[in-house]
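# Coordinates in review
The lines below spell out each chain.
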Amino acid sequence: MTTQAFALFDTAIGACAIAWGPHGVLGVQLPEGRDPATRARMAKRFPDASEGPPPPDVARAIDAIVALLRGDAADLARIELDMDGVPPFHRKVYAAARGIPPGKTWSYGDVAAHLEAPGSARAVGQALGKNPFAIIVPCHRVLAAGGKVGGFTANGGVLTKLRMLTIESVHAEPKAPALAGDGVFDFDPAAAVAHLRAADPALARLIDEVGPFGMKLRGTPSLFFALAEAIVYQQLTGKAAATIFARVQALFPWEAGITPERLLRLSDEKLRGAGLSRSKLASLRDLATKSAAGEIPELGELRGLGDAAIIERLTQVRGIGRWTAEMLLMFRLGRADVLPADDYGVRKGFAAAMRKRELPSPKDLAKYGERWKPFRSAASWYLWRAAERTKPRAAAKKASARKKAAPKKKRS
């Protein structure tokens, strides 16, 4: 009968795995991209282990890991680890790392100082690089000197490390004020929906079909950060943009993050190496230059400006057009009366909601939308939902057309 076993389990970052024996957890494996690859890695790491259901203590450990990677508070300090075969110095490093709370970070030097072993920062890094207990021993919370993200041996490298740090920072103390008044709209959503129902029967029908207003606001540590992210995301899929932006973030100290001054000091080679196109690099440099010169409003000033004034100020930056400024007004500032009439999704949703075959021109949409004032942001959100609802129907129609066009098989 085997005394070792392992199991795969789903988390917010993908399928992880955990191995255990009679004396506790033997190791944790971060996602390898696909389940078979993760399973193969566990078989290589623990050749004597077979896959099986976890016992109660390991099941509790899995639940805690899943909760932590979901952004919830979770205590992993009491999970018993089997340290048999782990060198004494590594044990001390792992014990120190387990004392770093979620949302906080230490440097390799900090760990060395905690162990009263000055000058051993490199050895600390080597020990953490061989950490068999990923997440339970939170080596992702240990950074290089100067707050740089440093290396990470798991699949995905520093991108995985950044993602884990970002998840944990959701429940950490905020280091800077967020836009949108910490996620509060500058209007009453219930009043907005009631107004739209009364102003437009067609939109009232769409509201009934979609359901409650569910628009969410996104916080950000600074306006510069929000605009830099918007520039990177332009004309890319969400996954590709997130990867590139994570690489850009990895070039800066984690605690301080991206600032105009730090970006201006970085070479073009490093920024291009993160995956930025020449055009986006030029846009980011222009944004940083104008921000450092005080031409971009500070958060306090931004809250005191009207929508038109904000659009006018922000569109002076290379790569920031009216649409990008409108998205910031809606999803960062929570402004009530924004109608991005040039947006394809809004126009498509309008055609669907109004049961029209042709998409309206931006001018016609803006004219019709006058009746939705002063809550055109909520109207836009519902129109986006209408556009999303057309996709399954369009796919079903195509599938039906292909089925009808396919030659029928003759019966023998």
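In what follows, the accompanying structure is described. (Residues numbered from 1 in each chain as written. Predicted model: local features only at pLDDT ≥ 70, side-chain atom pairs only at ≥ 80, totals over all residues. Heavy atoms only, no water.)

A separate point is the pairing of strand β3 (residues 24-29). For β3, the buried fraction is high: six of the six residues fall into the buried class. Relative to β3, strand β2 (residues 14-21) runs antiparallel, the two sharing five bridges. Pairing of Ile18 across the sheet is with Val28, part of β3. Taking the residues that link successive antiparallel strands as the turn, the β2-β3 hairpin has two residues. (Buried < 20%, exposed > 50% of the residue type's maximum accessible area, 1.4 Å probe, protein only. Helix = DSSP H or I, 4+ residues; strand = E, 2+ residues; numbered from the N terminus. Pairing = 2+ DSSP bridges.)

On to helix α11 (residues 238-249), then. Taking 1.5 Å per residue as the helical rise, α11 with its 12 residues ought to reach 16 Å, and the 16 Å between its terminal C-alpha atoms agrees with that figure. Within the span of α11, buried status applies to Ala241, Ile244, Phe245, Ala246 and Val248. (Expected span 1.5 Å × (residues − 1).)

By size, the foremost hydrophobic cluster in this structure holds 67 residues, and its most contacted members are Phe213, Leu314 and Trp372. If one sorts the elements of this core by residue count, helix α10 (residues 223-233) sits on top with eight residues. Beyond its immediate chain neighbours, meaning those up to four positions away, Trp372 contacts His195, Leu196, Asp200, Leu203, Leu339, Phe350, Met354, Leu365, Ala379 and Leu383. (Core = buried A, V, L, I, M, F, W, Y, C linked by side-chain atoms within 4.5 Å. Contact = heavy atoms within 4.5 Å.)

Attention now goes to the side chain of Ser283. For Ser283, the location among the structural elements is in helix α14 (residues 278-292). Of the residues examined, Ser283 reaches a relative accessible area of 4% and is grouped as buried. In this structure the side chain of Ser283 is engaged in a polar contact, spanning 3.4 Å, whose partner is the backbone oxygen of Arg318. (Polar contact = N/O pair within 3.5 Å; in protein donor to acceptor, adjacent residues only side chain to side chain.)

Bringing the pattern of salt bridges into the picture now. Enumeration over the complete set of coordinates arrives at 15 salt bridges. Arg197 is paired through a salt bridge with Asp208; the nearest N and O atoms lie 2.7 Å apart. Of the two residues, Arg197 is situated in helix α8 (residues 189-199) and Asp208 in helix α9 (residues 201-210); the sequence distance between them amounts to 11 residues. Using a relative accessible area of 36% as the deciding quantity, one classes Arg197 as partly exposed. Salt-bridge contacts for Asp268 lead to Arg285; the nearest nitrogen and oxygen are separated by 2.8 Å. With Asp268 in helix α13 (residues 268-273) and Arg285 in helix α14, the pair connects residues that are 17 residues apart, well separated along the chain. Via salt bridges that share partners, Asp186, Asp307 and Arg335 belong to a single interconnected network. (Salt bridge = Lys/Arg side-chain N within 4 Å of Asp/Glu carboxyl O.)

With that out of the way, let us pick up the packing of helix α16 (residues 307-314) against helix α17 (residues 322-331). At a minimum axis distance of 9 Å, the contact between α16 and α17 shows a crossing angle of 135°. By the angle between their directions, the pair α16 and α17 is classed as oblique. Considering the relative orientation of α16 and α17, their crossing is right-handed. On α17, the residues touching Asp307, Ile310, Ile311 and Leu314 of α16 are Arg322, Ala325, Glu326, Leu328 and Leu329. Here the residues of the contact of α16 with α17 are counted per class, giving six nonpolar, no polar and three charged. (Axes fitted to C-alpha atoms, helices over the stretch in contact; angles between N-to-C directions. Parallel < 35°, antiparallel > 145°, perpendicular 65-115°, else oblique. Left-handed = near helix turned anticlockwise from the far one by under 90°. Nonpolar A, V, L, I, M, F, W, Y, C, P; charged D, E, K, R; others polar.)

Now for helix α18 (residues 344-353). Most of α18 is tucked away, with seven of its 10 residues classed as buried. Three or more residues of α18 are buried, namely Gly345, Val346, Arg347, Gly349, Phe350, Ala351 and Ala353.

Moving on, we come to the environment of Tyr233. Within the secondary structure, Tyr233 is located in helix α10. For Tyr233, a relative accessible area of 30% puts it in the partly exposed group. Taking C-alpha positions, Tyr233 is 7.9 Å from Phe245, a pair spaced 12 residues apart along the chain.

Inspection of the entire model under this criterion finds 13 aromatic pairs. Summarising the aromatic geometry, the rings of Trp381 and Tyr382 are spaced 4.9 Å apart at their centres and angled 85° between planes, so their arrangement reads as edge-to-face. Residue Trp381 is classed as buried on the basis of its relative accessible area, which comes to 9%. Among the residues examined, Tyr382 registers a relative accessible area of 0% and is labelled buried. A connected cluster of aromatic rings, assembled from ring pairs, spans Phe185, Phe187, Phe213, Phe375, Trp381 and Tyr382. Taking NZ or CZ as reference, Arg371 lies 3.6 Å from the ring centre of Tyr368, over its face. (Phe/Tyr/Trp six-rings, centres within 6.5 Å; stacked < 30°, edge-to-face > 60°. Lys NZ or Arg CZ within 6 Å of the ring centre and 35° of its normal.)

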